[in-house]
Amino acid sequence: MSERIGLFADIHSNLEAFDACLQQASVLGVTRMVFLGDLVGYNADPVAVVDRVADLVHAGKAIAVMGNHDQAMFTDHSRLMNPVAWAANEWTRQQLESKHIEFLKQLPIMVKDGDACYVHASAYQPENWRYVNNDVSAWQCAEYSGEIYTFVGHEHDPMLFYQTEIGKLRRFKPHPGKDVPMPSHRRWVAVVGSVGQPRDGKPEACFAIFDPREQHMSFQRVPYDNYSAAEKVRRAGLPEMLADRLITAE
């Protein structure tokens with residue numbers, strides 16, 4: 001039986017988006033899950049999101065890696081983040097209990113499994129939270145990953161990079177719901193997009209599914225009640241632009 005791995009990045013405390021993606025993943029036959037960091041930050045349900053991911057990890061149904069917003073729950077990132085992001089992180093830290101902080105603290109920064117590497121930002125200096133968003137940064141990521149398949153988050157905009165015959169990596173814009181063949185004679189870097197705060201002008205939540213046996217991947221867009229999620233952000237007293245971004249996805 002073929003394995004179907006659900007890839008979820010940048011949930012950012014958005015429970016409505018997360019629930020919608022989990023439901024769609026179940027419908028599409030996902031058998032295992034990988035969480036590519038930034039469980040928290042920006043939105044209004046950090047406790048519920050961390051609890052849900054922790055339960056899946058502890059049950060052996062998922063693996064998770066650390067994102068920069070996760071690290072900011074126990075490390076001072078005030079100089080590394082813009083004031084809105086840092087204000088949201090300070091609010092988030094006040095909501096979490098010590099068990100949530102400890103779960104985030106023990107997350108690895110990178111995991112390798114079979115021919116795949118899972119990391120929040122680039123596999124090149126992952127502790128520096130570099131973005132993968134062009135051919136050069138994708139090549140660096142693939143080189144330092146050392147694996148055929150590298151899956152990352154952090155960028156909030158889904159994209160796929162493939163290795164050409166001369167070894168360079170080129171960007172390919174995937175179409176939602178369409179299987180993309182990913183033969184193992186090339187190297188691949190996939191930026192899976194954001195569950196909880198898309199930034200590509202489309203407010204639908206993003207996640208992806210990878211089938212290592214069949215060697216293909218699909219990027220999914222999932223409508224959810226983003227207006228309710230935005231209203232929660234406002235009621236929590238978080239910055240207004242964070243609520244607006246759930247509507248405009250910019």
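### Side note on the pattern of salt bridges
- Here the structure, examined in full by the defined rule, presents 13 salt bridges.
- We note a salt bridge from Arg32 to Glu3, for which the minimum N-O separation is 2.9 Å. Here Arg32 is found in strand 2 (residues 32-35), whereas its partner Glu3 is found in the segment before strand 1 (5-8), with 29 residues between them in sequence.

### Observations regarding the sheet that holds strand 11 (residues 205-211)
- The strand order across the open sheet built from 6 strands is 3-2-1-11-12-9, with neighbouring strands paired in mixed fashion. Across the chains shown, the open sheet's two edge strands, defined by having one partner strand only, are strand 3 (62-64) and strand 9 (180-181).
- The pairing of strand 1 with strand 11 spans 3 bridges and is classified as antiparallel. Across the sheet, residue Gly6 finds its bridge partner in strand 11, namely Ile209.
- This element, helix 1 (residues 15-27), spans strand 1, strand 2, strand 11 and strand 12 (216-222) of the sheet and lies at about 30 degrees to strand 11.
- Packed onto the sheet, helix 2 (residues 46-58) meets strand 2 and strand 3 and runs at close to 120 degrees relative to strand 3.

### With respect to the packing of aromatic side chains
- One pass over the full model with this rule turns up 10 aromatic pairs.
- Where Phe8 meets Phe207, the ring centres are 5.2 Å apart and the plane angle is 5 degrees; that geometry is what we call stacked. One end of the pair, Phe8, is in strand 1; the other, Phe207, is in strand 11, with 199 residues separating them in the sequence.
- The exposure class assigned to Phe207 is buried, which follows from its relative accessible area of 0%.
- Ring centres of Phe151 and Phe210 lie 4.9 Å apart, and the angle between their planes is 50 degrees; on these two criteria the pair is classed as tilted. Of this pair, Phe151 sits in strand 6 (residues 149-152) while Phe210 sits in strand 11; the two residues are 59 residues apart in sequence, bridging distant segments of the chain.
- Taking the relative accessible area as the measure of exposure, Phe210 reaches 2% and is therefore buried.

### Looking at helix 1
- Between the first and last C-alpha of helix 1 there are 18 Å, a value that for 13 residues agrees with the 18 Å anticipated at 1.5 Å per step.
- Considered for burial, the residues of helix 1 that qualify are Leu15, Glu16, Ala17, Phe18, Ala20, Cys21, Leu22 and Ala25.
- Buried residues along helix 1 sit in contact with strand 1, strand 2, helix 2, strand 11, strand 12 and helix 7 (226-235).
- With a side-chain oxygen lying 3.4 Å from the backbone nitrogen of Glu16, the N-terminal cap of helix 1 falls on Asn14.
- At the C-terminal side of helix 1, Gly29 shows a positive phi close to 80 degrees.

### Here we look at the pairing of strand 11
- Within strand 11, 7 of the 7 residues are buried, leaving the element largely enclosed by the surrounding structure.
- Pairing of strand 11 with strand 12, which is carried by 7 bridges, proceeds in the antiparallel orientation. Within the sheet, the bridge partner assigned to Ile209 lies in strand 12 and is Ser218.
- Linking strand 11 back to strand 12 in an antiparallel pair, the connection comprises 4 residues, with Gln215 at a positive phi of about 55 degrees.

Cut-off values and rules
Residues numbered from 1 in each chain as written. Predicted model: local features only at pLDDT ≥ 70, side-chain atom pairs only at ≥ 80, totals over all residues. Heavy atoms only, no water. Salt bridge = Lys/Arg side-chain N within 4 Å of Asp/Glu carboxyl O. Helix = DSSP H or I, 4+ residues; strand = E, 2+ residues; numbered from the N terminus. Pairing = 2+ DSSP bridges. Contact = heavy atoms within 4.5 Å. Axes fitted to C-alpha atoms, helices over the stretch in contact; angles between N-to-C directions. Phe/Tyr/Trp six-rings, centres within 6.5 Å; stacked < 30°, edge-to-face > 60°. Buried < 20%, exposed > 50% of the residue type's maximum accessible area, 1.4 Å probe, protein only. Expected span 1.5 Å × (residues − 1). Polar contact = N/O pair within 3.5 Å; in protein donor to acceptor, adjacent residues only side chain to side chain.

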